[in-house]
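The residues making up each chain are set out below.
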Amino acid sequence: PTPHLLDTRAMAKIALGKYSDAQHDLSSALDEGESVSLRFHLAYANYMDRDLGSAEQEMRQAIELGINPHIMHPAERKIYNRIINDLDLQSLAMN
């Protein structure tokens, strides 16, 4: 599958609580190339799996890649804000 399809499948797996499967799909997609949305979604999968260290690492990479919450869908912006606040990354994040 293409990175885009792996990303879509991973988000479905997150919704089903299959975080490990989602992490695998997102890691496979990232093997094909760097993407801010893939990093963000991997941070989300890690966060939901309560792997906060990995979630923070992925979120920091997404921030370095220029993640912009202002262009996100409102549902994803809510997730972004929750992760940023819970991981205390406000000073690094775009507001």
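Residues numbered from 1 in each chain as written. Predicted model: local features only at pLDDT ≥ 70, side-chain atom pairs only at ≥ 80, totals over all residues. Heavy atoms only, no water.

S.K.: Describe unusual backbone geometry, with residues and values.
M.R.: Even without being a glycine, Arg50 presents a positive backbone phi close to 65 degrees. Its location among the elements puts Arg50 in the loop between helix H3 (36-48) and helix H4 (52-64). Judged by its relative accessible area of 76%, Arg50 falls in the exposed class. For Asp88, which is not a glycine, the phi torsion comes out positive at approximately 55 degrees. In this structure Asp88 comes out as exposed when scored by relative accessible area, which is 60%. (Helix = DSSP H or I, 4+ residues; strand = E, 2+ residues; numbered from the N terminus. Buried < 20%, exposed > 50% of the residue type's maximum accessible area, 1.4 Å probe, protein only.)

S.K.: I'd like a rundown of the pattern of salt bridges, residues and numbers included.
M.R.: Taken as a whole, this structure holds five salt bridges when the rule is applied. Between Glu34 and Arg39 there is a salt bridge whose closest N-O contact spans 2.6 Å. Assessed through its relative accessible area of 13%, Arg39 is described here as buried. Through salt bridges with shared partners, one network takes in Arg9, Lys13 and Asp25. (Salt bridge = Lys/Arg side-chain N within 4 Å of Asp/Glu carboxyl O.)

S.K.: Can you break down the environment of Asn46 residue by residue, with the values?
M.R.: On the secondary structure map, Asn46 appears in helix H3. A relative accessible area of 6% means that Asn46 is categorised as buried. Setting aside chain neighbours within four positions, we find Asn46 in contact with Gln23, Asp51, Ser54, Ala55 and Glu58. (Contact = heavy atoms within 4.5 Å.)

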